[in-house]
Amino acid sequence: MFNSLAKNYDVANDVLSFGMHRIWKKALVSKIPKEGADALDCATGTGDIAILIKKHSPKTKLTAIDFSEKMIEQAPPKAKKEGIEDIQFLVADILKLPFANNSFDHITISFGIRNVENLLSAIAEFERILKPKGTLHVLEFGQPQGPAWSKVYSSYHRSVLPVVGGLITGNIKAYSYLNKSSEEFPSGESFIKQFPPTVWKAVETTPLLGGIAYIYRIQKQ
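Residues numbered from 1 in each chain as written. Predicted model: local features only at pLDDT ≥ 70, side-chain atom pairs only at ≥ 80, totals over all residues. Heavy atoms only, no water.

Novice: Would you take a moment to explain the overall build of the protein chain for this structure?
Specialist: Helix and strand counts for the protein chain come out as ten helices and seven strands. Computed over C-alpha atoms, the radius of gyration of the protein chain comes to 17 Å, within 12% of the 17 Å expected from 2.2 N^0.38 for 221 residues, which places it in the range of a compact globule. Viewed in the frame of its principal axes, the protein chain has a C-alpha envelope of about 45 × 40 × 30 Å. Each of the 221 residues in the protein chain was classed as buried or not, and the buried ones make up 51%. Once local pairs closer than 6 in sequence are excluded, the contacts in the protein chain between residues at least 24 apart make up 72%. Side chains of the protein chain give 27 positive and 22 negative charges; the mean places of these two sets differ by 3 Å. (Helix = DSSP H or I, 4+ residues; strand = E, 2+ residues; numbered from the N terminus. Rg over C-alpha atoms; globule rule 2.2 N^0.38 Å. Buried < 20%, exposed > 50% of the residue type's maximum accessible area, 1.4 Å probe, protein only. Contact = heavy atoms within 4.5 Å. Lys, Arg positive; Asp, Glu negative; His and termini not counted. Charge placed at Lys NZ, Arg CZ, Asp CG, Glu CD.)

Here it is as structure tokens:
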């Protein structure tokens, strides 16, 4: 599905979010410490977060992965246009990460965690490869707070988003799935509860635009 969206994915994101996704991604990256570190960007897609991380912290040693070959093919030339050529882009599965234990200081994932087949298995992999005191930074859709805002957003999400996304990418079915997945995925405190408290410590949960999306910072203890 994501391979089929790759060519026009960035355009669709800009149109469907009215450009807000770029603001949210910058907000996510701004919370990552600037000192040189080992970082992994998961579900990198076309490389937006990875590029922002290198701009924010040029000394960070960065690896970026995605399970969609066609999607991640867009990332290296996009980074090169920004003058960035030292990101290692790899095709990899979040549920079977090809990295040693305690490899990274930071992990980021933007609008990708809800698409993994098994959330708890993904969390276990993040735990395995993060160093002690390492931090997971997540940007993901949520459910709007308040009945009026929820009604307006749900109407847009169910009626407009699949049609417009389908017209841009040629895959209406994919955007119907993306809509459904964001409505059903746990958000806010429900998302934080998926992380075993004996292993993880919630540092910050930030709702965006009344709960349309959230930024989470969760630290491995």
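Novice: Any chance you could explain helix α8 (residues 147-169) here in plain terms?
Specialist: Structural remark: α-helix, 3.6 residues per turn; residues separated by three or four positions point the same way. For α8, which comprises 23 residues, the first-to-last C-alpha distance of 31 Å matches the rise-based estimate of 33 Å (1.5 Å per residue) to within 8%. At V160, α8 shows its maximal bend, which comes to roughly 40°, and the proline P162 appears one to four places after that position. Buried within α8 are the following residues: Y153, S154, Y156, H157, L161, P162, G165, G166 and T169. Looking one or two residues past α8, G170 carries a phi angle of roughly 80°, positive in sign. (Expected span 1.5 Å × (residues − 1). Bend = angle between axes of the 7 residues up to and from the residue.)

Novice: Can you walk me through the side chain of S17 in this structure?
Specialist: Assignment of secondary structure puts S17 in the loop between α2 (9-16) and α3 (20-30). Separated by 2.7 Å, the side chain of S17 and the backbone oxygen of N13 make a polar contact. (Polar contact = N/O pair within 3.5 Å; in protein donor to acceptor, adjacent residues only side chain to side chain.)

Novice: Help me out: how do you make sense of the packing of aromatic side chains in this one?
Specialist: Each aromatic ring pair is described using two quantities: the centre-to-centre distance and the angle formed by the ring planes. Counted by the stated rule, this structure contains eight aromatic pairs. Ring centres of F191 and F195 lie 5.3 Å apart, and the angle between their planes is 70°; this geometry places the pair in the edge-to-face category. For F191, a relative accessible area of 1% gives the class buried. Its relative accessible area of 6% is what places F195 among the buried residues. Taking the centre distance of 4.4 Å and the plane angle of 40° together, the rings of F191 and Y216 count as tilted. Taken together, the positions of F191 in helix α10 (residues 189-192) and Y216 in strand β7 (residues 213-220) put the pair 25 residues apart, joining distant regions of the chain. With respect to burial, F191 and Y216 carry one shared label: buried. Joined through ring pairs, the aromatic side chains of F185, F191, F195, W200, Y214 and Y216 make up one cluster. (Phe/Tyr/Trp six-rings, centres within 6.5 Å; stacked < 30°, edge-to-face > 60°.)

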